[in-house]
Amino acid sequence: MFLAMKELMHSKMKFSMITVIFVLIAWLVFILSGLGTGLSTLAASTFKTMKADYVVFEEGSQSSMSKSLLSEQLLAEVELLPNVRAAAPMGSTMATALKGQGAKNEDKVDIAIIGINPGSFLEPAIVEGESLTSENSTGVLVNSTMKDEGYSLGDTFQLDGTTESLTIVGFVKDQTYNHVASVFTPMEEWRKISFAAPGSDKGVPGPVNAIMLQGKDIDPEIINSKLSGTDTVTRAGAVQGMPGYKEENGTILMMLAFLLAISAFVLGVFFYVITMQKANQFGIMKAIGASNKFLGKAIVSQVFIISLTSIVIGILLTYGTAAIMPKGMPFKLETNLVVTYSVILLIIAVLSSMVSVRKITKIDPLQALGRVE
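All of these numbers come straight from a predicted model, not from anything done at the bench. (Residues numbered from 1 in each chain as written. Predicted model: local features only at pLDDT ≥ 70, side-chain atom pairs only at ≥ 80, totals over all residues. Heavy atoms only, no water.)

### A word on the overall build of the protein chain
Then step 1. When you go through the protein chain residue by residue, the secondary structure sums to twelve helices and 13 strands.
Then step 2. Taken against the 2.2 N^0.38 rule, which gives 21 Å for 373 residues, the C-alpha radius of gyration of the protein chain at 29 Å runs more than 25% over that of a compact globule.
Then step 3. Dimensions of the protein chain, computed from the C-alpha atoms along their principal axes, are close to 90 × 50 × 30 Å.
Then step 4. Counting only contacts in the protein chain whose residues sit at least 6 apart along the sequence, the fraction spanning at least 24 positions is 80%.
Then step 5. Looking at charge distribution, the protein chain has the averaged site of its 29 positive side-chain charges lying 19 Å from that of its 32 negative ones. (Helix = DSSP H or I, 4+ residues; strand = E, 2+ residues; numbered from the N terminus. Rg over C-alpha atoms; globule rule 2.2 N^0.38 Å. Contact = heavy atoms within 4.5 Å. Lys, Arg positive; Asp, Glu negative; His and termini not counted. Charge placed at Lys NZ, Arg CZ, Asp CG, Glu CD.)

### Some words on the environment of Ala279
Then step 1. When you line up the elements, Ala279 lands in helix 8 (residues 279–287).
Then step 2. Residues Ala279 and Trp190 lie 89 residues apart in sequence; the distance between their C-alpha atoms is 74 Å.

### Some remarks on helix 10 (residues 335–352)
Then step 1. If you check helix 10, its first and last C-alpha atoms are 26 Å apart, about what 18 residues at 1.5 Å a residue would give, namely 26 Å.
Then step 2. Turning to helix 10, its buried residues are Val338, Tyr341, Ser342, Leu345, Leu346, Ile348, Ala349 and Ser352. The buried side chains of helix 10 occupy one side of the element, clustering within an arc of 160 degrees when seen end-on. (Expected span 1.5 Å × (residues − 1). Buried < 20%, exposed > 50% of the residue type's maximum accessible area, 1.4 Å probe, protein only. Arc of directions from axis to C-beta.)

### As for the layout of surface pockets
Then step 1. As a volume, the largest pocket reaches approximately 840 Å³.
Then step 2. Taken together, 29 residues form the lining of the largest pocket, with Leu42, Thr145, Thr176, Lys327 and Gly328 sitting closest to its centre.
Then step 3. Every element with two or more residues in the lining of the largest pocket is listed here: helix 2 (12–49), strand 4 (108–116) and strand 10 (180–186).
Then step 4. Element by element, the count of residues in the lining of the largest pocket is highest for helix 2, at four residues. (1 Å grid on protein atoms, 1.4 Å probe; cavity = no way out; pocket = protein on both sides within 12 Å on 5 of 7 lines; lining within 4 Å. Points joined across faces, edges and corners; volume = space filled by probe spheres on them.)

### A few points about the packing of helix 9 (residues 292–324) against helix 10
Then step 1. Running from N to C, helix 9 and helix 10 cross one another at 150 degrees; their axes reach a closest spacing of 9 Å. As judged from the angle between their axes, helix 9 and helix 10 are roughly antiparallel. The way helix 9 lies across helix 10 gives a crossing that is right-handed. Contacts between helix 9 and helix 10 involve Val300, Val303, Phe304, Ser307, Leu308, Ile311, Ile315 and Tyr319 from the first element and Val338, Ser342, Leu345, Leu346, Ala349 and Val350 from the second.
Then step 2. A per-class count over the contact of helix 9 with helix 10 returns twelve nonpolar, two polar and no charged. (Axes fitted to C-alpha atoms, helices over the stretch in contact; angles between N-to-C directions. Parallel < 35°, antiparallel > 145°, perpendicular 65-115°, else oblique. Left-handed = near helix turned anticlockwise from the far one by under 90°. Nonpolar A, V, L, I, M, F, W, Y, C, P; charged D, E, K, R; others polar.)

### Notes on empty space enclosed by the protein
Then step 1. Counted by the stated rule, this structure contains one cavity of 30 Å³ or more.
Then step 2. If you add up the space inside the largest cavity, you get close to 60 Å³.
Then step 3. In this structure, the largest cavity is lined by Phe15, Phe271, Ile274, Thr275, Lys278, Ile299, Gln302, Val303 and Ile306.
Then step 4. At the level of secondary structure, the elements contributing two or more residues to the lining of the largest cavity comprise helix 7 (245–277) and helix 9.
Then step 5. It is helix 9 that provides the largest number of residues to the lining of the largest cavity, a total of four residues.
Then step 6. Grouping the constituent residues of the lining of the largest cavity by class yields six nonpolar, two polar and one charged.

### Here we look at the packing of aromatic side chains
Then step 1. Throughout the structure, instances matching the rule amount to three aromatic pairs.
Then step 2. Ring centres of Phe47 and Tyr177 lie 6.1 Å apart, and the angle between their planes is 40 degrees; this geometry places the pair in the tilted category. Taken as a pair, Phe47 in helix 2 and Tyr177 in strand 9 (residues 176–177) lie far apart in primary sequence, 130 residues in all.
Then step 3. The buried category is assigned to Phe47, whose relative accessible area is 0%.
Then step 4. Judged by centre distance (5.7 Å) and plane angle (80 degrees), the ring pair of Tyr151 and Phe157 falls under edge-to-face. For the pair Tyr151 and Phe157, a shared accessibility class is recorded, and that class is buried.
Then step 5. The ring of Phe171 carries Lys147 above its face, with NZ or CZ at 4.8 Å from the centroid. (Phe/Tyr/Trp six-rings, centres within 6.5 Å; stacked < 30°, edge-to-face > 60°. Lys NZ or Arg CZ within 6 Å of the ring centre and 35° of its normal.)

### Some remarks on the pattern of salt bridges
When their charged atoms lie close together, side chains carrying opposite charge are able to pair.
Then step 1. Applying the stated criterion to the full structure yields five salt bridges.
Then step 2. In this structure, Lys216 and Asp53 form a salt bridge, with 3.3 Å as the shortest nitrogen-oxygen distance. Of the two residues, Lys216 is situated in the loop between strand 12 (210–214) and helix 5 (220–226) and Asp53 in the loop between helix 2 and strand 1 (54–58); the sequence distance between them amounts to 163 residues.
Then step 3. A salt bridge links Lys108 to Asp160; the shortest N-O distance between them is 3.5 Å. (Salt bridge = Lys/Arg side-chain N within 4 Å of Asp/Glu carboxyl O.)

### What about helix 7?
Then step 1. Between the first and last C-alpha of helix 7 there are 49 Å, a value that for 33 residues agrees with the 48 Å anticipated at 1.5 Å per step.
Then step 2. Every buried residue belonging to helix 7 is among Tyr245, Asn249, Ile252, Leu256, Leu259, Leu260, Ser263, Leu267, Gly268, Phe271, Ile274 and Thr275, and all of these are buried.

### Here we look at the environment of Phe270
Then step 1. Here Phe270 lies in helix 7.
Then step 2. Sequence separation between Phe270 and Ser356 is 86 residues, and the spatial gap between their C-alpha atoms is 9.6 Å.
Then step 3. Setting aside its immediate chain neighbours within four residues, Phe270 contacts Ile18 and Ile21.

### Some words on unusual backbone geometry
For residues other than glycine, phi is negative in most cases, and the peptide bonds are mostly trans.
Then step 1. Positive phi values are uncommon outside glycine, yet Asn83 reaches one of about 70 degrees.
Then step 2. On the secondary structure map, Asn83 appears in the loop between helix 3 (74–78) and strand 3 (86–98).
Then step 3. The partly exposed category is assigned to Asn83, whose relative accessible area is 48%.
Then step 4. One non-glycine residue with positive phi stands out, namely His179, at about 70 degrees.
Then step 5. Overall, the relative accessible area of 35% leaves His179 in the partly exposed class.

Here you go:
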């Protein structure tokens with residue numbers, strides 16, 4: 001460590017340039033991680049935060065709410081199945097909210113209508129206002145982001161293309177679905193909105209998109225065998241079944257994987273070139289008794305110090321960037337991911353230095369002393 005610090009202090013410019021490059025790589029990794037998490041949250045936070053463990057879909061729906069249609073009558077049967085602690089129906093449909101009569105395009109807001117039974121475990125926590133009630137079927141809970149669109153508690157808005165009007169009775173937090181704000185409404189009102197066209201419910205009595213289950217030891221195979229025409233998956237499986245979710249996250253993960261691979265190559269090349277430039281010095285040190293282990297530790301220590309410093313600076317820059325980002329940008333930094341990617345970057349940097357360490361072990365002191373540069 002002493003040798004590593006002495007050289008770092010002596011060649012400040014050279015090592016500063018490497019640090020800057022590593023900082024930019026770390027910064028980009030954390031920015032991509034935050035964007036990926038933000039997009040993932042925006043796409044499925046309603047599913048991710050709901051207090052459900054399993055989801056019952058229609059068979060062949062590929063775990064997609066938009067492709068599934070079940071009868072609420074199944075609810076009584078589901079509640080009697082093994083390990084099912086509670087069950088609740090859920091429906092979803094996309095819509096557009098109009099601020100007032102004759103609203104212009106800029107006054108329209110895309111929303112996701114989520115149908116639930118008032119008081120069920122699917123109803124999110126209220127941050128302002130009141131809960132849903134069966135008596136007030138047009139009262140809805142909306143995500144707090146709708147405040148940015150000019151909506152307030154008690155406002156009534158109409159749904160584009162329908163005669164239905166909804167009144168905001170409460171606000172909830174972090175509830176989005178398919179990248180738009182979630183609007184929670186009683187199930188009966190959701191059916192009026194979703195199946196306004198005659199025959200659109202396909203004759204299913206009490207149609208719902210899915211039935212959400214609570215229970216840690218539920219066996220999906222038992223559920224499917226007891227209820228014909230159903231497909232039961234975990235909540236995580238239901239999230240993966242959302243249209244475009246896997247593709248969106250896969251793209252971000254692929255970008256991160258390529259970035260990490262490129263960073264390993266770039267850092268490895270830098271440290272290798274620096275090592276080759278100091279071949280004579282290493283030869284002299286070997287000639288006076290320095291062991292390969294001692295020199296290897298010095299190289300790894302240098303890389304560790306540079307990497308750790310760069311990662312810390314990259315994290316600070318990322319949080320600084322997050323603070324000045326526009327409010328509507330889907331960006332969310334999760335501590336566990338920041339720690340995970342920091343460790344990965346640190347491991348990549350240390351492993352990339354192993355090529356240089358291997359080169360040191362092959363340096364012949366006599367050849368190095370005789371080299372002319």
